[in-house]
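Fold and geometry: a report
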Amino acid sequence: MNILWFKKDLRVTDHQPLAAALNHGPTVGLFIFEPEWSRSSEFGLGQLKFAIESLQELEESLEEL
């Protein structure tokens, strides 16, 4: 089983680590809401909403694979 950490790049196309993981067998994607991010001055509800929407799109894309 492969585990792929989606840290910042939440796309499936042209994603080298994802392609490599899938070529080596079953793969589970992982995203971690890091506490440092929520404490940064750049963080806000808009960023959180965008991240959640992006994760939903990522989930749909991964299911298609």
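Our structure is the block above this text.
A short tour of the structure in this document, coming up. (Residues numbered from 1 in each chain as written. Predicted model: local features only at pLDDT ≥ 70, side-chain atom pairs only at ≥ 80, totals over all residues. Heavy atoms only, no water.)

1. Digging into the packing of aromatic side chains
Just so we agree on the cut-off: Centres within 6.5 Å are what make two rings of Phe, Tyr or Trp a pair, Trp counting through its six-membered ring; a difference in plane orientation under 30 degrees is then read as stacked, over 60 as edge-to-face, and the rest as tilted. Relative accessibility under 20% of the residue-type maximum defines a buried residue, over 50% an exposed one, and the middle range a partly exposed one, all with a 1.4 Å probe and only protein chains included.
In total, this model carries 3 aromatic pairs according to the counting rule given. Taken together, a centroid distance of 6.2 Å and an interplanar angle of 25° make the contact between Phe 33 and Trp 37 stacked. In this structure Phe 33 comes out as partly exposed when scored by relative accessible area, which is 43%. Counting every residue linked through ring pairs, the aromatic cluster contains Phe 31, Phe 33, Trp 37 and Phe 43.

2. Comments concerning the pairing of strand β2 (residues 27-30)
We count it as follows: Pairing between strands is defined by DSSP: at least two bridges between them are needed. Under the DSSP-based scheme used, a helix requires at least four consecutive residues in state H or I and a strand at least two consecutive residues in state E, with every element numbered from the N terminus. By convention, a crossover is right-handed whenever its connection, traced from the first strand over the helix to the second and viewed with the strands pointing away, goes clockwise.
For strand β1 (residues 2-5) and β2, the ladder comprises 4 bridges, and the chain directions are parallel. Within β2, the position partnered with Asn 2 by the bridge is Thr 27. Each parallel crossover has a hand, and for β1 linked through helix α1 (residues 16-23) to β2 it is right-handed.

3. Here we look at a nonpolar patch on the surface
We apply this condition: Two distance rules govern patches: like charges are joined within 9 Å, and nonpolar side chains (Val, Leu, Ile, Met, Phe, Trp, Tyr) within 5 Å, applied only to residues with over 30% relative accessible area and no salt bridge. Residue exposure ignores everything except the shown protein chains as possible cover, and the areas themselves are Shrake-Rupley values with a 1.4 Å probe. For this analysis, a salt bridge means a side-chain nitrogen from Lys or Arg found within 4 Å of a carboxyl oxygen belonging to Asp or Glu.
Together, Met 1, Ile 3, Trp 5, Val 28, Leu 30 and Ile 32 make up a nonpolar patch on the protein surface, roughly 630 Å² of accessible area in all. Those elements giving two or more residues to the nonpolar patch turn out to be β1 and β2. The residue Ile 32 is located in the loop between β2 and α2 (35-39) in this model.

4. A word on unusual backbone geometry
Phi is positive for Asp 14, which is not a glycine, with a value near 55°. Position of Asp 14 among the secondary structure elements: in the loop between β1 and α1. Among the residues examined, Asp 14 registers a relative accessible area of 62% and is labelled exposed.

5. Section: the environment of Glu 57
Secondary-structure assignment places Glu 57 in helix α3 (residues 45-64). Of the residues examined, Glu 57 reaches a relative accessible area of 54% and is grouped as exposed. For Glu 57 and Val 12, which are 45 residues apart along the polypeptide, the C-alpha to C-alpha distance reads 9.9 Å.

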